[in-house]
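Chain and residue survey
Single-letter residue listing:
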Amino acid sequence: MKPTHLFVALAAVGILAGTAGCGQKKPEKTRIAMVVKNLGNGFFDAAHTGADEAAKQLGDVEVIYTGPTTPSAEGQIEIINSLISQKVDAIVISANDPNALVPIAKKAMQRGIKVVSFDSGIAPEGRQMQLNPSNAELIGEKQIQMAADEIKGAGEIAILSASAQATNQNIWIDVMKKVLQKPEYAKIKLVATVYGDDQSDKSYREAIGLLRSHPDLKAIIAPTTVGIVAASKAVSDENLVGKVYVTGLGLPSEMAGHVKSGAVKEFAIWNPIDLGYAATYAADQFVKGKAEAKPGASVSVGRLGSVTLDANREAALGPPYTYDATNVDKFAKLF
């Protein structure tokens, strides 16, 4: 290129650059990175689907989906460091360690990056908000509701839990017992609570024990993905399908066959698509200054309404999602 032509070209670029600086520049997309516990995990692949749905709805958001190959805090720290260098606008993360990620998350926030944890939270000082899939009250009540529906509001039920020391399980069971005191559940009697220690064989033996010790049993609630599979198998093996129903918290991929057999009418677990959608939508609200990271603040989560931050800036999305014959196959392909 001749010197004069080069000068003209540079001048043109200068003019264009100057014009862009006068508010004519096309706005860039908001870049939100979703950092999951590990890649190749069906639950988080489904969350990614939800994140992409939020991005499409918002129109000006680009989702960067990433995570370590194996679930470790070190792997996530390395990825966040890289995202800080890339100057993303927000990081949405399911943490492998709530405390180990705080220093790198703080660094990201100091650089103006919004940090929202979901599913598995970062400690409060390392994020704007934590989006829990549900809370103890909603989880406990949901399981009693499902059992009551299955046995038409009357009869004996039992609980097959994980270990006697499992904090979350014990909290849910306490909620279930309180819910059973409501007038609408007066005809339902909890006859036993047993523990399978989240081991398939022990959970199966405990379920068989319940079925044989309580011949009038109508339902088993298993608030554990291991227990619900074991109890469903026990009901089938004892030829009690249609007489005893199993419900609780399970994974669609593990429960589809038991729904088809009739041992299970419905069960619940969080909907990872909704969770990924809501976390991404919330992150965008923080980036655009439409949400505040303070107790009592309301944060929009798009088609799912809004959530309110508690004293620790945590929010619960809603009751666990119900799976039955109408939708279990679709979700079984995801997780």
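Residues numbered from 1 in each chain as written. Predicted model: local features only at pLDDT ≥ 70, side-chain atom pairs only at ≥ 80, totals over all residues. Heavy atoms only, no water.

Some words on the packing of helix α7 (residues 200-213) against helix α8 (residues 225-237)
Each pair of packed helices can be described by the angle between their axes along with the distance between the axes. Counted only if it meets this: Fitted lines through C-alpha atoms serve as axes, helices being fitted only where they are in contact, and the angles separating the N-to-C directions of these axes extend from 0 to 180 degrees. In this text, helices come from DSSP runs of H or I with a minimum length of four residues, and strands from runs of E with a minimum of two, each type numbered from the N-terminal end. Any angle that falls under 35 degrees is termed roughly parallel, while one over 145 is termed roughly antiparallel, one within 65 to 115 roughly perpendicular, and all others oblique. It is the rotation of the near helix from the far one that decides the hand of a crossing: anticlockwise by less than a right angle makes it left-handed, clockwise makes it right-handed. Note on definitions: a residue-residue contact is assigned when non-hydrogen atoms from the two residues lie within 4.5 Å. For this classification, Asp, Glu, Lys and Arg are treated as charged, while Ala, Val, Leu, Ile, Met, Phe, Trp, Tyr, Cys and Pro are nonpolar and the rest, including Gly, are polar.
Where α7 meets α8, the axes come as close as 8 Å, and the angle between the chain directions of the two elements is 50°. Considered as vectors, α7 and α8 are oriented oblique to each other. The chirality of how α7 crosses α8 is right-handed. Side by side, α7 and α8 meet where S200, S203, Y204, A207, I208 and L211 of the first sit next to V226, G227, A230, A231, K233, A234, V235 and D237 of the second. The residue makeup of the contact of α7 with α8, split by class, is 9 nonpolar, 3 polar and 2 charged.

Structural notes on the packing of aromatic side chains
Filter applied, for reference: Any two rings among Phe, Tyr and Trp, with Trp reduced to its six-membered ring, count as a pair given centres within 6.5 Å; such a pair is stacked if its planes are under 30 degrees apart, edge-to-face if over 60, and tilted if neither. Burial status follows relative accessibility: with a 1.4 Å probe on protein chains alone, a residue under 20% of its type maximum counts as buried, one over 50% as exposed, and anything between as partly exposed.
Under the defined criterion, the tally for this structure stands at 9 aromatic pairs. With 5.6 Å between their ring centres and 85° between their planes, F43 and F335 make a pair best called edge-to-face. Of this pair, F43 sits in helix α2 (residues 42-58) while F335 sits in the segment after α11 (328-332), and the two are 292 residues apart along the sequence. Residue classification places F43 among the buried residues on the basis of a relative accessible area of 14%.

Remarks on the sheet that holds strand β8 (residues 217-222)
Note the following rule: Paired strands, in this sense, are two strands between which DSSP finds at least two bridges.
Strand order across the open sheet formed by 4 strands is β7-β6-β8-β9, with parallel pairing between neighbours. Here the strands that pair on one side only, and so sit at the sheet edges, are β7 (188-195) and β9 (245-248). Taking each pair of neighbouring strands and ignoring which way they run, the sheet shows an average axis angle of 25°. The sheet contact formed by strand β6 (residues 155-161) and β8 spans 4 bridges and is parallel. Counted as the bridge partner of I157 is A219 from β8. Sitting on the sheet, helix α5 (residues 136-150) touches β6, β7, β8 and β9, and the angle it makes with β9 is about 160°. Along the sheet face, helix α6 (residues 167-179) touches β6, β7 and β8 and points at about 165° away from the line of β6.

Some thoughts on the nonpolar core
The condition that has to hold: Buried Ala, Val, Leu, Ile, Met, Phe, Trp, Tyr and Cys residues form a nonpolar core when they are joined through side-chain atoms within 4.5 Å.
F118, M129 and L131 are the most contacted members of the largest nonpolar core, which totals 83 residues. Per-element accounting of this core gives the leading share, 7 residues, to helix α10 (residues 272-287). Beyond its immediate chain neighbours, meaning those up to four positions away, M129 contacts V115, V116, S117, A282, F286, V299, V307, L309, R313 and A315. Formed by 20 residues, the second largest nonpolar core is a distinct cluster that contains V88, I104, A105 and I122.

Here we look at unusual backbone geometry
A positive phi angle is found at D119, which is not glycine, with a value near 65°. You can see D119 is positioned in the loop between β4 (114-118) and β5 (129-132). Phi is positive for R313, close to 55°, though the residue is something other than glycine. Mapping R313 onto the fold places it in the loop between β12 (306-308) and β13 (314-316).

Side note on α10
Going by this rule: Here the expected span of a helix is defined as 1.5 Å times the quantity of residues minus one. We define a polar contact as two N or O atoms separated by no more than 3.5 Å, with the added condition that, inside protein, one atom must be a possible hydrogen donor and the other a possible acceptor, whereas residues neighbouring each other in sequence contribute only through side-chain atom pairs.
With 16 residues, α10 should cover 22 Å at 1.5 Å per step; its first-to-last C-alpha distance of 23 Å lies within 8% of that length. Across the 16 residues that make up α10, a large majority, 15, are buried. The opening residue of α10 is N271, an N-cap whose side-chain oxygen sits 2.9 Å from the backbone nitrogen of I273. Of the residues flanking the end of α10, it is G289, one or two places downstream, whose phi is positive at about 75°.

Some points on the pairing of β5
Going residue by residue along β5, you find M129 and L131 tucked away on one face and Q130 and N132 tucked away on the opposite face as well. Where β4 and β5 come together, 3 bridges link them in parallel fashion. Within the sheet, the bridge partner assigned to S117 lies in β5 and is Q130. Examined bridge by bridge, β5 and β13 share 3 bridges and lie parallel to one another. Paired with N132 across the strands is A316, a residue of β13.

As for the pattern of salt bridges
Close approach of charged atoms allows side chains with opposite charge to pair. Condition: The salt bridge definition used is simple: a Lys or Arg side-chain nitrogen within 4 Å of an Asp or Glu carboxyl oxygen.
All chains considered together, the criterion is met by 12 salt bridges. Where D329 meets K260, a salt bridge forms, and the shortest distance between an N and an O atom there is 2.7 Å. Within this pair, whereas D329 is found in helix α11, its partner K260 is found in helix α9 (residues 252-261), the two being separated by 69 residues in sequence. What makes D329 partly exposed here is its relative accessible area of 39%. The structure contains a network of salt bridges with shared partners spanning E53, D274 and R303.

Structural notes on the pairing of β7
As a reminder of what qualifies: Orient the strands so they point away from the viewer, and a crossover whose first-strand-to-second-strand path over the helix runs clockwise is right-handed.
Taken together, the 7 bridges between β6 and β7 define a ladder with parallel strand orientation. Of the residues in β7, the one forming a bridge with I159 is T193. Viewed along the sheet, the connection from β6 through α6 into β7 turns out right-handed.

Quick look at the side chain of N271
Among the structural elements, N271 can be located in the loop between β10 (266-269) and α10. At 2.9 Å, the side chain of N271 forms a polar contact with the backbone nitrogen of I273. For N271, the residues in contact, after removing those within four places along its chain, are Y321, Y323 and F331.

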